[in-house]
Amino acid sequence: MSYPIPFLPCLGSRSEPSSQSREAGFVSRFGIGFVRSQMASSEGMLTDGQWKKLELATQNAETLSSSPKSHPLFADLNIKSPTGGKGPVSAGIPSRHVRRTHSGKHIRVKKDGAGGKGTWGKLLDTDDDSCIDVNDPNYDSGEEVYDGLIDSPVSDPLDDYKKAVVSIIEEYFSTGDVKVAASDLKELGSSEYHPYFTKRLVSMAMDRHDKEKEMASVLLSALYADVILPDQIRDGFIRLLRSVDDLALDILDAVNVLALFIARAIVDEILPPVFLARAKKSLPESSKGFQVISTAEKSYLSAPHHAELVERKWGGSTHTTVEETKKKISEILKEYVENGDTYEACRCIRELGVSFFHHEVVKRALILAMESPAAESHIVKLLNEAAEEGLISSSQMVKGFYRVAESLDDLALDIPSAKKLFDSIVPKAISGGWLDNSFKVISDGDGGKSVEDEKLRQYKKDIVNIIQEYFLSDDIPELIRSLEDLATPEYNPVFLKKLITLALDRKNREKEMASVLLSSLHMELFSTEDFINGFIMLLESAEDTALDIMDASNELALFLARAVIDDVLAPLNLEEISTKLPPNSTGTETVRSARSLISARHAGERLLRSWGGGTGWIVEDAKDKILKLLEEYETGGVTSEACQCIRDLGMPFFNHEVVKKALVMAMEKKNDRLLNLLEECFGEGLITTNQMTKGFGRVKDSLDDLSLDIPNAKEKFELYVGHAMKNGWILPEFGFSATQ
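Within each chain, residues carry numbers counting from 1 in the order of the written sequence. pLDDT decides what is reported in this predicted model: residues at 70 or higher carry local features, side-chain atom pairs at 80 or more are listed and counted, and totals for whole chains, interfaces and linings draw on all residues regardless. Side-chain numbers here rest on the full set of heavy atoms in the structure, without hydrogens or water.

In the nomenclature of an unreviewed UniProt entry, the chain corresponds to MI domain-containing protein from the organism Microthlaspi erraticum. UniProt positions are given in the numbering used here, feature names are shortened, and annotations may be inferred rather than shown by experiment. Entered under Sequence similarities (unreviewed entry) in the UniProt record, the comment concerning the chain runs "Belongs to the PDCD4 family."

Student: For this particular structure, what's the right way to read the overall build of the chain?
Tutor: Runs of E in the DSSP output that reach at least two residues are strands. Runs of H or I that reach at least four are helices, and both are numbered from the N terminus. Helices and strands together make up the secondary structure of the chain, namely 37 helices and 2 strands. Contact between two residues is taken to exist if any of their heavy atoms lie within 4.5 Å; hydrogens are not considered. Counting contacts in the chain only where the partners sit at least 6 residues apart, residues at least 24 apart contribute 71% of the total. Only the protein chains shown count as cover for residues, and all accessible areas are computed by the Shrake-Rupley method using a 1.4 Å probe. Taken as a whole, the chain presents about 38,600 Å² of accessible surface, with 51% of it coming from carbon and sulfur.

Student: Explain the packing of aromatic side chains here, please?
Tutor: Between two aromatic rings, the relevant description is the distance of the centres plus the angle of the planes. Aromatic contacts are taken between Phe, Tyr and Trp rings whose centres are within 6.5 Å, Trp giving its six-membered ring; a plane angle under 30 degrees counts as stacked, one over 60 as edge-to-face, and the others as tilted. Tallying each qualifying case throughout the model produces 11 aromatic pairs. Arranged with centres 5.5 Å apart and planes meeting at 55°, the rings of Tyr161 and Tyr193 form a pair that is tilted. On the criterion of sequence distance, the pair formed by Tyr161 in helix 4 (residues 157–175) and Tyr193 in the loop between helix 5 (178–188) and helix 6 (194–206) is long-range, its members being 32 residues apart. Among the residues examined, Tyr193 registers a relative accessible area of 21% and is labelled partly exposed. Judged by centre distance (6.1 Å) and plane angle (55°), the ring pair of Phe401 and Trp434 falls under tilted. Here Trp434 lies in the loop between helix 19 (418–431) and helix 20 (440–443) and Phe401 lies in helix 17 (residues 394–406), a separation of 33 residues in the sequence. Exposure categories follow from relative accessible area, calculated using a 1.4 Å probe and restricted to protein chains: below 20% of the type maximum is buried, above 50% is exposed, and the middle band is partly exposed. With a relative accessible area of 0%, Phe401 lands in the buried category. Among the residues examined, Trp434 registers a relative accessible area of 7% and is labelled buried. Three or more aromatic residues link up through ring pairs in this structure, and these residues are Tyr161, Tyr193 and Tyr196. Ring-over charges, as used throughout, are those where CZ of Arg or NZ of Lys falls within 6 Å of the ring centre and within 35 degrees of the ring normal. Geometry around Tyr633 places Arg673 over its ring, the cationic atom sitting 4.2 Å from the centre.

Student: It is not clear to me how the side chain of Asn256 should be interpreted in this structure. Could you clarify?
Tutor: Its location among the elements puts Asn256 in helix 9 (residues 254–267). On the basis of relative accessibility, which here comes to 8%, the residue Asn256 falls in the buried class. Each polar contact in these results corresponds to two N or O atoms within 3.5 Å; when the atoms are within protein, one needs to be able to donate a hydrogen and the other to accept it, and residues that are neighboring in sequence are counted only if both atoms are side-chain atoms. Looking at Asn256, its side chain comes within polar contact range of the side chain of Tyr300, at 2.9 Å. Apart from residues no more than four positions distant in its own chain, Asn256 is found in contact with Thr295, Tyr300, Asn554 and Ser593.

Student: Just to check I follow, could you spell out the pattern of salt bridges for this structure?
Tutor: Pairing between side chains of opposite charge can happen when their charged atoms approach one another. A carboxyl oxygen of Asp or Glu within 4 Å of a side-chain nitrogen of Lys or Arg is what we treat as a salt bridge. All told, the structure shown has 24 salt bridges when counted by the stated rule. Measuring nitrogen to oxygen at the nearest pair gives 2.8 Å for the salt bridge that ties Glu512 to Arg562. Here the residue Glu512 occupies a position in helix 24 (residues 508–521), and Arg562 occupies one in helix 27 (residues 552–565), the gap between them amounting to 50 residues. Overall, the relative accessible area of 1% leaves Arg562 in the buried class. Between Asp704 and Lys714 there is a salt bridge, with the nearest N and O atoms lying 3.6 Å from each other. One end of the pair, Asp704, is in helix 36 (residues 703–709); the other, Lys714, is in helix 37 (residues 713–727), with 10 residues separating them in the sequence. For Lys714, a relative accessible area of 26% gives the class partly exposed.

Student: Looking at this structure, I do not really get the nonpolar core. What am I missing?
Tutor: For soluble globular proteins, the rule of thumb is that nonpolar side chains tend to be buried together. Within the largest apolar cluster, 58 residues are counted, with the highest numbers of intra-cluster contacts made by Phe197, Phe237, Leu241, Leu258, Phe261, Ile262 and Phe275. Sort the elements by how many residues they give to this core and helix 9 lands first, with 12 residues. Among residues more than four places away in sequence, those in contact with Ile262 are Phe237, Leu241, Leu271, Phe275, Leu276, Val292 and Ile293. We call a set of buried residues a nonpolar core when its members are Ala, Val, Leu, Ile, Met, Phe, Trp, Tyr or Cys and they connect through side-chain atoms within 4.5 Å of each other. Counting 55 residues, the second largest nonpolar core, distinct from the first, contains Ile466, Ile467, Val568 and Leu597.

Student: Help me out: how do you make sense of helix 22 (residues 476–486) in this one?
Tutor: One full turn of an α-helix is made of 3.6 residues, so residues set three or four places apart face in the same direction. Those residues of helix 22 that sit buried are Ile476, Leu479, Ile480, Ser482 and Leu483. The arc that holds every buried residue of helix 22, seen down its axis, measures 160°, which confines them to one face. Among the residues of helix 22, the N-terminal cap falls to Asp475, whose side-chain oxygen and the backbone nitrogen of Glu478 are separated by 3.2 Å. What the arc describes is the spread of directions from the helix axis to the C-beta atoms.

Student: I'm lost on the packing of helix 14 (residues 342–351) against helix 16 (residues 376–388) in this one. Help?
Tutor: Each pair of packed helices can be summarised by the angle the axes make with each other and by the distance between the axes. Running from N to C, helix 14 and helix 16 cross one another at 60°; their axes reach a closest spacing of 10 Å. Between helix 14 and helix 16, the crossing angle belongs to the class labelled oblique. Judged by the twist between their axes, the crossing of helix 14 over helix 16 is right-handed. Mapping the contact onto sequence places Thr342, Ala345 and Cys346 in helix 14 and Lys381, Leu382, Glu385 and Ala386 in helix 16. Taken together, the residues of the contact of helix 14 with helix 16 break down into 4 nonpolar, 1 polar and 2 charged. Here an angle of 0 to 180 degrees is reported between the N-to-C directions of two axes, which are lines fitted to C-alpha atoms, with helices fitted over the stretch in contact. Angles below 35 degrees are treated as roughly parallel, those above 145 as roughly antiparallel, those between 65 and 115 as roughly perpendicular, and all remaining angles as oblique. The handedness criterion is simple: a crossing whose near helix is rotated anticlockwise from the far helix by less than a right angle is left-handed, and one whose near helix is rotated clockwise is right-handed. Classes in brief: Ala, Val, Leu, Ile, Met, Phe, Trp, Tyr, Cys and Pro nonpolar; Asp, Glu, Lys and Arg charged; the others, Gly included, polar.

Student: Hey, could you run me through the environment of His358 in this one?
Tutor: Structurally, His358 can be placed in helix 15 (residues 358–371). If we ignore the near neighbours within four places in the chain, the residues touching His358 are Ile349, Leu391, Ile392 and Gln396.

Student: Please clarify how helix 35 (residues 689–701) should be interpreted in this entry.
Tutor: Relative to the 18 Å expected for 13 residues at 1.5 Å per residue, helix 35 spans 18 Å between its end C-alpha atoms, a close match to the ideal helical length. Gln691, Met692, Thr693, Lys694, Gly695, Phe696, Gly697, Arg698 and Val699 are the residues of helix 35 that are buried. Against the buried residues of helix 35 lie helix 24, helix 33 (655–669), helix 34 (673–683), helix 36 and helix 37. Expected helix span is computed as 1.5 Å times (number of residues minus one).

Student: What should I look at first to understand a negative patch on the surface in this one?
Tutor: Here, patches come from residues exposed beyond 30% relative accessible area and free of salt bridges, joined within 9 Å for like charges and within 5 Å for nonpolar side chains (Val, Leu, Ile, Met, Phe, Trp, Tyr). Charge assignment in this entry is limited to Lys and Arg as positive and Asp and Glu as negative, and neither His nor the chain termini are counted. Where a charge lies is defined by one atom per residue type, namely NZ (Lys), CZ (Arg), CG (Asp) and CD (Glu). Judged by side-chain charge, Asp207, Asp245, Asp246 and Asp250 come together as a negatively charged surface patch. Mapping Asp207 onto the fold places it in the loop between helix 6 and helix 7 (210–223). On the accessibility criterion, Asp207 (54% relative accessible area) is exposed.

Student: Looking at this model, I keep getting lost on the environment of Leu608. Mind explaining?
Tutor: Structurally, Leu608 can be placed in helix 30 (residues 603–608). Separated by 50 residues in sequence, Leu608 and Leu558 place their C-alpha atoms 9.9 Å apart.

Student: For this particular structure, what's the right way to read the packing of helix 7 against helix 9?
Tutor: Close contact between helix 7 and helix 9 brings their axes to 10 Å; oriented N to C, the two are set at 35°. Of the two possible hands of crossing, helix 7 and helix 9 adopt the one that is right-handed. Together, Lys213, Glu214, Ala216, Ser217 and Val218 of helix 7 and Val257, Phe261 and Arg264 of helix 9 make up the contact between the two elements. Looking at the contact of helix 7 with helix 9 residue by residue, the class counts come to 4 nonpolar, 1 polar and 3 charged.

As structure tokens, then:
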């Protein structure tokens, strides 16, 4: 029995195709291999003639599957358009590409054999309008599995989420619209990724201003439970703790900032207090994440009135900064003095919503009363009314009076009768019952804050003028001469405290200038003990300073760390300072923060540019210039030219660096000629005895490290010290022995 070749009709074809075309179509669709396998299943099924027909059909199928223009037979032919000449339509066109209808018209087959009446259509046609027919006997359900997957892009949902939340956060930082941010996050979906949102929001805010930090805390509180689940907030902070080592590379005080975010989250009740203990167990003690938890516990959450402190750290939970609040308080008080409406003034104070900051209202009200005695009766009436209503608490009232008492010396510069006026207000407040009777101890007693040594009082007035002039002129030698004229070295710690306190409330330029001035004063006028005592005085009053200067703790830590980097203090001095401060105080935590800053990677470089470089980079440039001029001198330079280069630096307070580098280079190069330069500088008065002594002292402190590279460093240094003592370069009390 012969195996019939099936006829596969083409939809849309009105005439039956020829036998040869039908066979070619069958072969092209199923393949010659398939046909032969079917034919071989019945022995003697086809005759030799039939096999020849089949082979011919195969050849036709292969020929039809290629474009006529790509066929090798037509590679060299110049095929013309059927309508381009007068000859027959079929001229230059292979006959098998021309079809003749019953009407005798010639129809050119479309490219690749597609289209046209009575044609089979394009072989292996995969046009989009074709579809799989489930009723087809050859239907394979597996063909639909990959339908729609070809050429479709592969997308990671987390990557899409990350990109979207960055846009949401950036827009929120620009507009401050909490509702829009919450709505956008809800519409985004993918709630399983919300821990990443928490991490991203906080990490982006950490590298921005206090305004954005405050906005981030407010947004987290608004999203808590409603949009982001409590566990997702917790997981987000855990991720931050694990990545703080990386964050610290770009954000100088990352540990302290993240600690404050966590403390704020606990105060806002979006993290439970037990979070700290659980997080500690999951973090290595040596990690920065562990430091973050310790800082949050000891610096922020264990301090007195820690909730108030944390909430106003970035300007309060109402998006209003401390400076803006102070300005509003001043406006309220001035308006009250003009109209005398106590009820309206109390209402405005209440609407500020900063009950923890009411001591500022008290302070500014008292100062206003001192500046304008005519306003005193109004101020007394307002404070009395505010106390009776419970608007200003007893503790806030006492704190406000105490802050004024502390600043009486400075106030006296502008208001000569400030002390007298203040002493007249205190009894009225106590008798009126709106100031605690215990404040009497501060006000009078044996004089206390009211009676102070006249010499110290005058010194404070003088140094304020000296420091303010320095901030304007940047003239260090002139400042040093002014301090020498005062001839009060016992008050050096007071000068240091006043210098840094005034710089804290100014711009980065003045902070940088203050740090550079500390370097110049070290060993020139101030001893290490003066610096230690000055920083202790600063840190003891750190909590009060923070009431006026929002970021005082962080800034003080930077001043401390910078003093160590500049060799004003030794690292061990920080431990000494810490032992003289109350445990768990703001001052103690500031010292701890300073240690963290010093131990960070590239601490020296980071701290030198902590306030934008400025004068600090002058010091760094000076070190490079000193090294270059010494190298040039060592290779045969002229002594007079080297001295002139040192003079041209214009940094006499930094000449100890010349001494240090010259001594170290003399040891390394085994060239004692450098001592001749020091001798010339000393003889000309270019390098003072104090600068010489400091330079020798710095080399003495680093001898252990130098001995690793220079085995005989101690012996050489002992010879240099003997030479210096003999020539009177250094102070007599400086002693050294290579055996010590």
